[in-house]
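Residue strings, one per chain:
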Amino acid sequence: MADSLKNFRSICKKIIAVGRNYSEHASELGNTVPTKPIIFMKPTSAFVTEPNDIRIPADWDELHHEVEFGVIIDKQCQNVSKEEAEASIGGYCLALDMTERKLQNELKDQGLPWLLSKGFDTSCPCGDFIPKEKISLSSSVNLWLNVNGNRRQNGHTRDMIFSVPDLIVYISKYITLEHGDLILTGTPAGVGPVRRGDQIEAGMEGEHDLKYLMKFNVV
Ligand SMILES: O=C(O)/C=C/C(=O)CC(=O)C(=O)O
Ligand SMILES: [Mg+2]
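Report follows, based on the coordinates. (Residues numbered from 1 in each chain as written. Chains lettered and ligands numbered in written order. Predicted model: local features only at pLDDT ≥ 70, side-chain atom pairs only at ≥ 80, totals over all residues. Heavy atoms only, no water.)

For the magnesium ion (ligand 2), the full set of protein donor atoms is Glu 66 (OE), Glu 68 (OE) and Asp 97 (OD), at a range of 2.0 to 2.1 Å. Residue classification places Glu 68 among the buried residues on the basis of a relative accessible area of 0%. (Donors = N, O, S within 2.8 Å, 3.2 Å for Na, K, Ca; no water. Buried < 20%, exposed > 50% of the residue type's maximum accessible area, 1.4 Å probe, protein only.)

Given below as structure tokens:
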């Protein structure tokens, strides 16, 4: 089954993203820590893969990086239990939730949806499919991100407020998750701006020699 997920980006119908899932990140943006998962979406046209670039739209100047742990759904889930949620996972990937922070804040202040600030083309740089057997959910994955060689983010999935199975249980109560869908599980602290000409390097490391690295230029 996992074979058809190797190209999950071409079959993915939904990128569902979780916000404020690390308390340190919620605090750094002056937000309260949520009592229920905060869910939003990015269109699949946001995907970009190496060696392509992250393109900043011409009139924007406060694009932030957010490194995230991605979960790829194998089996359809609708209102699933925690056990079914775990069984529905096909694999994982490293991803970025690129965000135009100034626009997001303006939209938030007006009570408007922040889709554009997070859903523009190339706002979801994404790595290769990693089969579920390679990462145990009971272990913690280290997520990090450098800009021009300087460490900006360094977090651990054990610090998520809502665990991966809990997120799937919650989302599937309201939205049917389908084969190939991607869940971005929120970013750890350290988000910040990137400029045209910068290079982003992001990685994840964990048990059983898990080591994944990806690089994107910002243009
Ligand atoms: O509420 C805000 O000011 C910002 C929220 C986010 O951008 C949420 C995320 O995308 C995240 O925490 O990863
Ligand atoms: Mg995010």
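Let's shift gears to the sheet that holds strand β1 (residues 15–19). Overall, mixed pairing links the 6 strands, which are arranged β2-β1-β12-β5-β6-β9 in an open sheet. Looking at the sheet topology across the chains shown, the edges are occupied by β2 (38–42) and β9 (130–131). Across 7 bridges, the pairing between strand β5 (residues 67–73) and strand β6 (residues 89–96) is antiparallel. Across the sheet, Ile 72 pairs through a bridge with Gly 91, a residue of β6. Sheet strands in contact with helix α6 (residues 164–174) are β1, β2, β5, β6 and β12 (182–184), and its direction is about 60° off that of β5. (Pairing = 2+ DSSP bridges. Helix = DSSP H or I, 4+ residues; strand = E, 2+ residues; numbered from the N terminus. Contact = heavy atoms within 4.5 Å. Axes fitted to C-alpha atoms, helices over the stretch in contact; angles between N-to-C directions.)

Before going further, it helps to examine the nonpolar core. Of all hydrophobic cores here, the largest spans 64 residues; its most connected members are Phe 8, Phe 69, Leu 96, Ile 168, Leu 182 and Met 204. The element contributing the most residues to this core is β6, with 6 residues. (Core = buried A, V, L, I, M, F, W, Y, C linked by side-chain atoms within 4.5 Å.)

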